[in-house]
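Listed here are the chains, written in short residue letters.
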Amino acid sequence: MKFVWIALAIGAIVLIAKMRKGGEKTPQTDPTPTPPVKPLSPPPPVKQSKSAKVAFLENIDRFKALLPTLCDGSFNSSDWTDNIIDIDNDELTMYWKKAHTSVDAWLRLLASWGLKPDNCTSFKAMDVHKKMYVTKNGTEITLGQSYNVIQKCWIQTDSDSRNKVIVMGKVE
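As the structure is a computational prediction, the values presented were derived from the model and not from experiment.

Moving on, we get to the overall build of the protein. Counting secondary structure elements, the protein contains seven helices and seven strands. Each helix and strand of the protein, ordered N terminal to C terminal, gives the series α-α-α-α-α-α-β-β-α-β-β-β-β-β. Considering the protein as a whole, with its 172 residues, one finds that 27% of them fall into the buried category. A total of about 12700 Å² of accessible surface is found on the protein, and carbon and sulfur atoms cover 57% of it.

Spatially, the three strands line up as an open sheet ordered β1-β5-β6, and their pairing is antiparallel. Of all strands in the sheet, those with a lone pairing partner are β1 (115-117) and β6 (163-167), marking the two edges. Strand after strand, the sheet turns through a mean of 35 degrees between neighbouring axes, direction not considered. Sheet analysis places strand β5 (residues 154-157) next to β6, joined by four bridges and oriented antiparallel. Residue Gln 156 lies in a different strand from β6, and its bridge partner there is Lys 164.

Moving on, we get to the pattern of salt bridges. For the coordinates displayed, the defined rule picks out five salt bridges. Salt-bridge contacts for Lys 64 lead to Asp 61; the nearest nitrogen and oxygen are separated by 3.1 Å. Overall, the relative accessible area of 32% leaves Lys 64 in the partly exposed class. The exposed category is assigned to Asp 61, whose relative accessible area is 59%. Lys 136 serves as the salt-bridge partner of Glu 172, at 3.2 Å between the closest nitrogen and oxygen. Taken together, the residues Glu 172 in the segment after β7 (169-171) and Lys 136 in the loop between β3 (133-135) and β4 (146-151) connect sequence positions 36 residues apart. Residue Glu 172 is classed as partly exposed on the basis of its relative accessible area, which comes to 48%.

This brings us to the packing of aromatic side chains. Here the structure, examined in full by the defined rule, presents 13 aromatic pairs. Ring centres 6.0 Å apart and planes at 85 degrees place the aromatic pair Trp 80 and Trp 106 in the edge-to-face group. Note that Trp 80 is positioned in helix α4 (residues 77-87) and Trp 106 in helix α6 (residues 103-112), a separation of 26 residues in sequence. For the pair Trp 80 and Trp 106, a shared accessibility class is recorded, and that class is buried.

It is worth spelling out the packing of helix α5 (residues 90-99) against α6 at this point. Look at α5 against α6: their axes get within 9 Å of each other, and the N-to-C directions meet at 145 degrees. Listed contacts from α6 to Leu 92, Tyr 95, Trp 96 and Ala 99 of α5 are Ala 105, Trp 106 and Leu 109. Here the residues of the contact of α5 with α6 are counted per class, giving seven nonpolar, no polar and no charged.

With that out of the way, let us pick up the packing of α4 against α5. For the pair α4 and α5, the least separation of the axes is 9 Å and the interaxial angle reads 160 degrees. One finds that α4 runs roughly antiparallel with respect to α5. Two packed elements cross with a definite hand, and for α4 against α5 that hand is left-handed. Contacts between α4 and α5 involve Ser 77, Trp 80, Thr 81, Ile 84 and Ile 87 from the first element and Leu 92, Thr 93 and Trp 96 from the second. Partitioned by chemical class, the residues of the contact of α4 with α5 number five nonpolar, three polar and no charged.

Position of Lys 97 relative to the elements: it lies in helix α5. By relative accessible area, which is 62% here, Lys 97 ends up exposed. Each C-alpha atom, one on Lys 97 and one on Thr 81, is 9.1 Å from the other, the two residues being 16 residues apart in sequence.

Here is what the cut-offs are and how they apply
- Residues numbered from 1 in each chain as written.
- Predicted model: local features only at pLDDT ≥ 70, side-chain atom pairs only at ≥ 80, totals over all residues.
- Heavy atoms only, no water.
- Helix = DSSP H or I, 4+ residues; strand = E, 2+ residues; numbered from the N terminus.
- Buried < 20%, exposed > 50% of the residue type's maximum accessible area, 1.4 Å probe, protein only.
- Areas by Shrake-Rupley, 256 points an atom, 1.4 Å probe, with all protein chains shown as cover.
- Pairing = 2+ DSSP bridges.
- Axes fitted to C-alpha atoms, helices over the stretch in contact; angles between N-to-C directions.
- Salt bridge = Lys/Arg side-chain N within 4 Å of Asp/Glu carboxyl O.
- Phe/Tyr/Trp six-rings, centres within 6.5 Å; stacked < 30°, edge-to-face > 60°.
- Contact = heavy atoms within 4.5 Å.
- Nonpolar A, V, L, I, M, F, W, Y, C, P; charged D, E, K, R; others polar.
- Parallel < 35°, antiparallel > 145°, perpendicular 65-115°, else oblique.
- Left-handed = near helix turned anticlockwise from the far one by under 90°.

Now the structure itself:
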C-alpha cells in the first residue's frame, strides 16, 4: 500500500508542475487554414441634421419675395412648399406640414426664430428708417417727411439685440 501512496504523490507533483508551466503543449494540426480576419470598418457617420431654424435662415434668400405675402393677404402655401421641400430638412418639413394652412401659425414660428415684420404703420422718417423702407416707386425716403407703410419691412433679430433688415418695406 505504501507503493500506491508514493505513486499518487509523484503523480500529484507531476500534475502540479504541469499546471504551473501552463500544461503540456501539443502541436496543432488543423488541416483547414483560417481565413484572415477583415478589419472592421468604422460605422457610417451619423447624419447631423441642422435645426429647422438654421436650415430656414441659411436659405432666407429663397423666401425674401414670399415673406411680404404673409402680411398682405396674398399668401399661397404652394409657393413656399417647393422651397421648403428643396431645403431637405426633416424638422423644417415637419413644421411646414403642421403650419402651412395657417398664416398666423407660420408668423409665430418665424417670430420664434427672430424673423418678423416691422409693425410700424406710419412714421416721420429718421436715419433708421432709411435702412428699412423705400418709397413705392423704389426711391430713397426723405428725412423728416411723414410716410404711411404700404408693405412691411422684415427684420431678423439676433442675440446681440441688433436688427438686420431682410426685406425692405415700402411707403407712400
